[in-house]
Amino acid sequence: MNKKEYLASIYSMMEECDADFREEILADFNEHFEQGKMKGRSEEEIAASLGDVRELIEELKQEQHQRSEKKQKAKDSAEFRRVRVQGLTADVIVRPSQKDQVEYVLSDRGAQVNIHNYLIEETIHGDELLIEVKRRTHRLFNFDFANLILQVSLPQTLGSAVLQSVSGKVDLERIELAQLECKSTSGAIEVVDCSGDLKAVTVSGEITIQKHDGGRLELSTTSGDIEIQGNDFTMIRMNSLSGDIEVDCQHAEMIQMNSLSGDLQFQGAAKNISGNTKSGDVEISCEEAEAIKLESLSGDVELCLPDCTGMQCALKTLSGDVDIDLSQPYQFKRNYLIFGDESCVVSLKTLSGDITLRD
Amino acid sequence: MNTQFKKGVLELCVLAQLSQGDKYGYELTESISEKMTLATGTLYLILKRLKDEGYFETYLVESAGGPARKYYRISEKGRAYYRQMRKEWYEFIAQVDALLKEPENHD
């Protein structure tokens, strides 16, 4: 093969590539031939030593393709209704977009070196935009020193978003979408000043929600704590295995708290509260309540009902004490403590813990 | 040998060569192919990729009686990347070496 034939074969491999890319590679090879000829080598010799480069060209083409795709998609954010972000080891930081566009940038807190072991891939499936952090395949070895942050801006015109990380945290602020979903394995989930329905799942990370407005919340952790502060919830359902649960809310229709060994705490106003823990304590202070059901196996159960107009309350403890401190006269009818208009239905149970009821 | 692996190693070789001083393409392929058997054309694609990542800068120098030579210069980012890769490489070969060694008193 002579120079002309060799360059033609490379050219044909790069036909779909950007002109700039193609020209640069061809110029490099052309220069190589010229320098080699000046050293007295034949075109055939040079072509043979350059060898077959098809495989590498294919890989470069793919990388190029990903790069050009990224530029386009960021512009056309009207094409999709949902966004899914997979941050892998990166922290996922989500803020509202000022431009009605989905934008994102991956950076590294520590050595800038590590970031080159990762790339971002962007694809559209139906009405969903998927943004994924991936490890590059050409890395030498699987060392992971990266301390990555994926910053994403979301327009408020989106319908829903799913934000995921494996070892990073998921951090949302001022996002007002109808539906949000956050997942992390070992990272924390922090949602501040957002609104709408929210699902959050972590294994060992904590879930913290502040100034949340409205919607249905479903939160679950294995060993992390759950802390919520907000108002006007339709429903909050929380599950944790060993983490504590703490809720402070202005108004909620329904609150469900379940933990195996964690404590449960609620302060605020809710119509319907249920709390269940095996070895944790339960401490509830609730206004506007219509139905309350609290259970612990070995923990104490404490309920405070300020401004309560009346209740019928079932109280059960096997080996603990019962301490009642109500400002109104009450009586026991069958197994129920009764006073006032009996409008609030309460059930308090513990096996070996104490029960406290006050207003 | 696995291409991905080989490409990683070639990246390391290119970074090592350029960390010793600026070189133009032909010069670089010569110095690497002296020590190692390979299709030298792959080096140009590795150079292009590393350049696009910002590890190298290029500049042209006129040469007497031939076309201008494109020189490659390693950037600060490239040096940092090279240090990291080199560290990983030494750790890796030490591990492989330990595995390849026959136990001394083997029955």
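Criteria and thresholds
Residues numbered from 1 in each chain as written. Chains lettered and ligands numbered in written order. Predicted model: local features only at pLDDT ≥ 70, side-chain atom pairs only at ≥ 80, totals over all residues. Heavy atoms only, no water. Helix = DSSP H or I, 4+ residues; strand = E, 2+ residues; numbered from the N terminus. Rg over C-alpha atoms; globule rule 2.2 N^0.38 Å. Contact = heavy atoms within 4.5 Å. Areas by Shrake-Rupley, 256 points an atom, 1.4 Å probe, with all protein chains shown as cover. Buried area = accessible area lost by both parts, 1.4 Å probe. Salt bridge = Lys/Arg side-chain N within 4 Å of Asp/Glu carboxyl O. Polar contact = N/O pair within 3.5 Å; in protein donor to acceptor, adjacent residues only side chain to side chain. Nonpolar A, V, L, I, M, F, W, Y, C, P; charged D, E, K, R; others polar. Pairing = 2+ DSSP bridges. Axes fitted to C-alpha atoms, helices over the stretch in contact; angles between N-to-C directions.

Enquirer: Give a detailed account of the overall build of chain A, specifying residues and quantitative values.
Expert: A tally of helices and strands in chain A yields four helices and 26 strands. Against the globule reference of 21 Å for 359 residues, chain A gives a C-alpha radius of gyration of 31 Å, more extended than a compact globule. For chain A, the C-alpha atoms occupy an extent of roughly 110 × 40 × 30 Å along the three principal directions. Considering only contacts in chain A between residues 6 or more positions apart, those separated by 24 or more positions represent 39%. Carbon and sulfur atoms make up 44% of the accessible area of chain A, which totals about 16,600 Å².

Enquirer: How would you sum up the interface of chain A and chain B? Please name residues and give values.
Expert: In this assembly, 34 residues from chain A lie in contact with 45 residues from chain B. Taken over both partners, the interface formed by chain A and chain B buries close to 3,700 Å², and the fraction arising from carbon and sulfur atoms is 59%. Across the chain A-chain B interface, the total number found is five salt bridges. Across the pair Glu24(A) and Lys48(B) runs a salt bridge, and its minimum N-O distance is 2.9 Å. The tally of links between chain A and chain B comes to 11 residue pairs in polar contact (both at pLDDT 80 or more). Listed by contribution, the elements that provide at least two residues to the side of chain A that touches chain B are helix 2 (19-38), helix 3 (43-50) and helix 4 (54-75) of chain A. Classifying every residue of the side of chain A that touches chain B gives 14 nonpolar, eight polar and 12 charged.

Enquirer: Describe the sheet that holds strand 2 (residues 56-61) of chain B, and please don't skip the residues or the numbers.
Expert: Spatially, 1-3-2 (chain B) is the arrangement adopted by the three strands of the open sheet, whose pairing is antiparallel. In this open sheet, the two edge strands, each paired with only one partner strand, are strand 1 (23-24) and strand 2 of chain B. One ladder, built from six bridges, connects strand 2 of chain B with strand 3 (residues 69-74) of chain B; its direction is antiparallel. Along strand 3 of chain B, the bridge assignment pairs Leu60(B) with Lys70(B). Against the sheet, helix 2 of chain A makes contact with strand 1 and strand 3 of chain B, and its axis sits at roughly 110 degrees relative to strand 3 of chain B, the strand it touches most.

Nothing here speaks to function; it is all geometry.
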